[in-house]
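Given next are the chains, with one letter for each unit.
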Amino acid sequence: MDQTSDTKISFPVGKVWHALPAAYEQLGIPITQADDPTHTIANGGLKIRRVLGQTSLSRYIDCGTTQIGENADSYDVYLTVTTRIDEEPTSGLSILRTTFEAMARPIAFSRDYARCSSKGELEKRIAAAVNAQLQ
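Every chain is numbered independently, its residues counted from 1 as its sequence is written. At least 70 in pLDDT is required for a residue's local features to be given in this predicted model, at least 80 for side-chain atom pairs to be given and counted, and no such filter applies to totals for whole chains, interfaces and linings, which use all residues. The basis for the side-chain values is all heavy atoms of the structure; hydrogens and waters are excluded.

**Looking at the pattern of salt bridges**
Then, in step 1: Note on definitions: salt bridges are taken to be side-chain nitrogens of Lys or Arg within 4 Å of carboxyl oxygens of Asp or Glu. For the structure on display, the rule yields eight salt bridges.
Then, in step 2: Arg97 is paired through a salt bridge with Asp6; the nearest N and O atoms lie 3.1 Å apart. Residue Arg97 is located in strand β10 (residues 94–105), and its partner Asp6 is located in strand β1 (residues 3–9); the two are separated by 91 residues in the primary sequence.
Then, in step 3: Here the term buried applies to any residue with accessible area under 20% of the maximum for its type, exposed to any over 50%, and partly exposed to those in between, with areas from a 1.4 Å probe on protein chains only. Taking relative accessible area as the criterion, Arg97 reaches 24% and is therefore assigned partly exposed.
Then, in step 4: By relative accessible area, Asp6 is classed as partly exposed at 44%.
Then, in step 5: Ionic pairing is found between Glu70 and Lys119, a salt bridge with its closest N-O pair at 3.1 Å. Here the residue Glu70 occupies a position in strand β8 (residues 69–70), and Lys119 occupies one in the loop between β11 (114–118) and α2 (121–134), the gap between them amounting to 49 residues.
Then, in step 6: Relative accessible area serves as the criterion here: at 31%, Glu70 is assigned to the partly exposed category.
Then, in step 7: Given a relative accessible area of 39%, Lys119 falls into the partly exposed group. Each helix is a run of DSSP H or I of at least 4 residues and each strand a run of E of at least 2, with the numbering of both proceeding from the N terminus.

Put into C-alpha cells, the structure is as follows:
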C-alpha cells in the first residue's frame, strides 16, 4: 500500500514547483519524471542498499528487524517516491503531497520483495528541504 503525506507550504504552487527538484537532489533522490502541468516530480523506482543520500534507510522505512539490526539497513530496497503540488483552495498556497512506497528483500536469500512502511521522516525532510529553498 502506498503511503501519502500532505504538508502545507506557505508559498504559491509556482514557487514550490521550482524548489522541489533541489529538495530531491539534496536528499539523494534521483528524479526520473517531472510533469509541469500537474506539478508532479517522481523517482519511478530506485534500487538501493543501506543509505539514501547520506542517511541510513532505517531512518526512513521500517522493514522489520533481525538479531543484527533493522532490515532496511541490510536488505535490497526498491523505493518509489512521488511528490505532487496542489493549490490549497481557500488560501491559494500549496499542499505538498508525497507518496512513498518501499519494498525490500534479503540479499543472501532468494525471497520475493516484501512491503516496508514509511516512518514519515523522508516526507518531512522533503517538505523541510522545499521550505529551506524558499526562505
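**Side note on unusual backbone geometry**
Then, in step 1: Phi at His39 is positive, roughly 55°, even though this residue is not glycine.
Then, in step 2: Note on placement: His39 falls in the loop between β2 (33–35) and β3 (40–49).
Then, in step 3: The exposure class of His39 is partly exposed, given its relative accessible area of 23%.
Then, in step 4: Of note, Arg50 is a non-glycine position whose phi angle comes to about 75°, a positive value.
Then, in step 5: Within the element layout of this structure, Arg50 appears in the loop between β3 and β4 (51–52).

**Focus: the state of the cysteines**
Then, in step 1: Throughout, a disulfide means two cysteine sulfur atoms within 2.5 Å of one another. Enumeration over the complete set of coordinates arrives at one disulfide.
Then, in step 2: Each sulfur in the disulfide pair Cys63 and Cys116 lies 2.0 Å from the other. Judged by the sign of its S-S torsion, about 110°, the bond between Cys63 and Cys116 is right-handed. Separated by 53 residues along the polypeptide, Cys63 in the loop between β6 (61–62) and β7 (65–66) and Cys116 in strand β11 bring together distant segments of the chain. Across the pair, Cys116 and Cys63 agree in class, each one buried.

Nothing here speaks to function; it is all geometry.
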